[in-house]
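So the chains spell out like this:
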Amino acid sequence: MSSTIEDLARDNVRALTPYQSARRLGGNGDVWLNANEFAQTQTWQLTQQTLNRYPECQPKAVIERYAAYAGVQPEQVLVSRGADEGIELLIRAFCEPGKDAVLYCPPTYGMYSVSAETIGVEYRTVPALEDWQLDLPAIAEQLDGVKVLFVCSPNNPTGNLINPDDLRQLLAMTAGKAIVVADEAYIEFCPQATLAGWLKEYPHLVILRTLSKAFALAGLRCGFTLANKPVIDLLMKVIAPYPLSTPVADIAAQALSEAGLALMRSNVADVLSTREWLIEQLQSCDCVEAVFPSETNYVLARFSASSNVFKTLWDQGIILRDQNKQPSLSGCLRITVGTRAECERVISALRPLAGAGLSLEQA
Ligand SMILES: *Cc1c(COP(=O)(O)O)cnc(C)c1O
């Protein structure tokens, strides 16, 4: 009997809901505040014209500069096609499909489950506590068979850091059993909170980083995994032979030069000051019920009638990220801190919208 193409696919792939990336969701916006990108681009010159040759697997200049920037040894750095590839490599290197599991604590980043599902590895969730911290006793009960735990800090989409004492306890309870991955995609917005200095103490700690957010290079597709050498050696076994193209390595090395780092830090300072303005303004909008503190380049807020708010802004070309479906985030939208002008567009669009209090009075 002949099968349809769909039938030929693996069961888990047929069942898979792909990651709803901001780009896939579409929309005809001119104010894109849904993917935590940096709002402005820089221009880059290519300095390497050797495209007839295959690139280095782990380009030396990029590795050495990132190691110096992160305060680790070059042998503790792996570079890949975005931090997303790092997530996938970790699951592929440590989890046996159908046997081992990954664990994470929603609400959090969506790619941990998508990657696990694609690879055919079970994922287990332990919802975060009400303050979006780790529920350590519940995690301890779920550890059987777990090989990789993902903890995003600061967390996307809630914007909070995970308590360092809790992370120490998590590392203690998983020692010799599982890998703990700290996703630090937004760490440049709160650099003092990095766990990079902990690598000396914990052989099972892994840190994910990216050039997509603070470095304003989401289109480059370049991310980093920091870990001790035994972990890096394993990931090197499963990574593609040429994960980064020559132009990507060329631009990444420039972004990590002294001048590149200075530019990134000045961009971060601008984002932080715009974020404070945005938070203050949001707090005075009638339709906003709560604005959550943020250590990142985005702000999560709870709205009355959030789908209406989302749609109203969408129709004005302002694209936000709806977080309404994530556990504990009903009514929540995530707003990337764009330029000051973009944030002013958001506030002008929100001002006229009524709050729950007002509509009750009218009723
Ligand atoms: C954006 C993001 C990533 C992915 O980064 P890329 O380097 O663009 O793949 C990973 N983790 C979190 C929490 C993110 O928000």
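Before reading on, note that the structure itself is shown above.
Counting restarts for each chain: residues are numbered from 1 in the order of the written sequence. With the structure being a predicted model, the display of local features is reserved for residues of pLDDT at least 70 and the display and counting of side-chain atom pairs for 80 or more, all residues being used for whole-chain, interface and lining totals. By convention in this description, side-chain values take in all heavy atoms of the structure and omit both hydrogens and water.

J.: Quick question: what am I supposed to make of the site of the ligand here?
T.: Residues in contact with the ligand amount to 13 residues; listed here are only the nearest, Ala-83, Tyr-186, Thr-210, Ser-212 and Lys-213. Backbone polar atom of Asp-84 to an oxygen atom of the ligand: 3.0 Å apart, as the coordinates give it. Think of a polar contact as two N or O atoms within 3.5 Å of one another; within protein, one of them needs to be a possible hydrogen donor and the other a possible acceptor, and neighboring residues in sequence only count if both atoms come from side chains. Within the side chain of Arg-221, a nitrogen or oxygen atom sits 2.7 Å from an oxygen atom of the ligand. Note on definitions: the grid is 1 Å and covers protein atoms alone; a cavity is a set of points where a 1.4 Å probe fits but cannot get out; a pocket is an open set with protein on both sides within 12 Å along at least five of seven lines; lining residues have an atom within 4 Å of a point. Just a note on the criterion: a molecule sits in a pocket or cavity if more than half of its atoms are within 2 Å of the grid points. Here the ligand occupies the largest pocket. Per the convention used, a helix needs a DSSP run of H or I reaching at least four residues, while a strand needs a run of E reaching at least two, with both numbered from the N terminus. In terms of residue count, the dominant contributor to the shell around the ligand is helix H5 (residues 82-94) (three residues). Amino acid classes used here: Ala, Val, Leu, Ile, Met, Phe, Trp, Tyr, Cys and Pro are nonpolar; Asp, Glu, Lys and Arg are charged; the rest, including Gly, are polar. Of the residues assigned to the shell around the ligand, the class counts are five nonpolar, four polar and four charged. When at least one non-hydrogen atom of a residue lies within 4 Å of a molecule or strand, that residue is treated as near it.

J.: How should I be thinking about the packing of H5 against helix H6 (residues 111-119) in this particular structure?
T.: To describe two helices that pack against each other, one gives the angle between their axes and the distance between the axes. Axis angles are defined between N-to-C directions and span 0 to 180 degrees, where every axis is a line fitted to C-alpha atoms and, for a helix, only to the segment in contact. Two elements in contact, H5 and H6, have axes separated by 10 Å at closest approach and are oriented at 45°. It follows that H5 is oblique to H6 by the angle criterion. Pair H5 / H6 crosses with right-handed handedness. Taking contact as the criterion, the partners of Asp-84, Ile-87, Glu-88, Ile-91 and Arg-92 in H5 are, on H6, Met-111, Tyr-112, Ser-115, Ala-116 and Ile-119. Tallied by class, residues from the contact of H5 with H6 come to six nonpolar, one polar and three charged. In this scheme, roughly parallel covers angles under 35 degrees and roughly antiparallel covers those over 145, while 65 to 115 is roughly perpendicular and the rest are oblique. Crossings are sorted by hand: turned counterclockwise from the far helix by less than a right angle, the near helix makes the crossing left-handed, and turned clockwise it makes it right-handed. The contact criterion used is simple: two residues touch if any of their non-hydrogen atoms lie within 4.5 Å.

J.: What is the right way to read the sheet that holds strand S6 (residues 179-183) from this model?
T.: To summarise the sheet geometry, strands pair through backbone hydrogen bonds and adopt either a parallel or an antiparallel arrangement. If DSSP finds at least two bridges between two strands, the strands pair. Within the open sheet, the seven strands sit side by side as S2-S8-S7-S6-S5-S3-S4. Their pairing is mixed. What marks the edges here is a single partner per strand, and that holds for strand S2 (77-80) and strand S4 (122-125). Averaged over all adjacent pairs, the angle separating strand axes in this sheet is 25°, with direction ignored. With five bridges connecting them, strand S5 (residues 146-152) and S6 associate as parallel partners. When the sheet's bridge partners are listed, Val-148 is paired in S6 with Ile-179. On the sheet, helix H8 (residues 164-174) packs against S5, S6 and strand S7 (205-210) and is oriented at approximately 175° with respect to S5. With respect to the sheet, helix H9 (residues 229-238) is in contact with S2, S7 and strand S8 (223-227), its orientation differing from that of S8 by roughly 135°.

J.: Can you walk me through the layout of surface pockets in this structure?
T.: To find leftover empty space, one rolls a probe the size of a water molecule over the atoms. Roughly 1400 Å³ of volume is contained in the largest pocket. Lining the largest pocket are 48 residues; nearest its centre among them are Tyr-19, Gln-20, Ser-21, Tyr-109 and Arg-321. Sorting the residues of the lining of the largest pocket by element identifies helix H3 (22-25), H5, H6, helix H12 (306-315) and strand S12 (321-322) as the ones contributing at least two each. Per-element accounting of the lining of the largest pocket gives the leading share, four residues, to H6. Residues belonging to the lining of the largest pocket are distributed by class as follows: 23 nonpolar, 14 polar and eleven charged. Space inside the second largest pocket adds up to approximately 300 Å³. Grid points are joined across faces, edges and corners, and a volume is the space filled by probe spheres set on the points.

J.: How should the packing of aromatic side chains be read in this particular structure?
T.: The relation between two aromatic rings is expressed through the spacing of the ring centres and the mutual angle of the planes. Aromatic rings from Phe, Tyr and Trp, taking only the six-membered ring of Trp, are treated as a pair when their centres fall within 6.5 Å; an angle between ring planes under 30 degrees marks them as stacked, one over 60 as edge-to-face, and anything in between as tilted. Applying the stated criterion to the full structure yields twelve aromatic pairs. Taking the centre distance of 4.3 Å and the plane angle of 10° together, the rings of Tyr-54 and Tyr-242 count as stacked. Of this pair, Tyr-54 sits in the loop between strand S1 (31-32) and helix H4 (60-70) while Tyr-242 is found in the loop between H9 and helix H10 (246-255), placing the two residues 188 residues apart along the sequence. Any residue under 20% of the maximum accessible area for its type is buried, any over 50% is exposed, and the rest in between are partly exposed; the area is computed with a 1.4 Å probe on protein chains only. Exposure remark for Tyr-242: the relative accessible area of 40% places this residue in the partly exposed category. For the ring pair Trp-132 and Phe-292, a centre distance of 4.9 Å and an interplane angle of 70° mean the geometry is edge-to-face. Here Trp-132 is found in the loop between S4 and helix H7 (136-141), whereas its partner Phe-292 is found in the loop between strand S9 (288-291) and strand S10 (298-303), with 160 residues between them in sequence.

J.: Before we go on, may I ask you to explain the state of the cysteines in this structure?
T.: Here a disulfide denotes a covalent bond joining the sulfur atom of one cysteine to the sulfur atom of another. For the purposes of this analysis, a disulfide is any pair of cysteine sulfur atoms at a distance within 2.5 Å. Inspection of every chain in the model, using the stated rule, returns zero disulfides. Of all cysteine sulfurs, the one in Cys-222 lies closest to Cys-57, which takes part in no disulfide; the gap is 13 Å. The exposure class assigned to Cys-57 is partly exposed, which follows from its relative accessible area of 23%. Counting only cysteine sulfurs, Cys-285 is the nearest neighbor of Cys-287, a cysteine outside any disulfide, at a range of 5.5 Å.

J.: Is there a simple way to think about H4 in this case?
T.: For an α-helix, the turn length of 3.6 residues means that residues three or four places apart are oriented alike. Buried residues of H4: Val-62, Ile-63, Tyr-66, Ala-67, Tyr-69 and Ala-70, and no others. Here the buried residues of H4 occupy an arc of 165° about the axis, which is enough to place them on one side. Opposite the packed face of H4, turned more than 90 degrees from it, sit the exposed residues Lys-60 and Ala-68. In this fold, the buried residues of H4 make contact with S2, S7, S8, H10 and helix H11 (258-283). At the exit of H4 stands Gly-71, carrying a positive phi of roughly 75°. Taking the helix axis as origin, the arc is that swept by the directions to the C-beta atoms.

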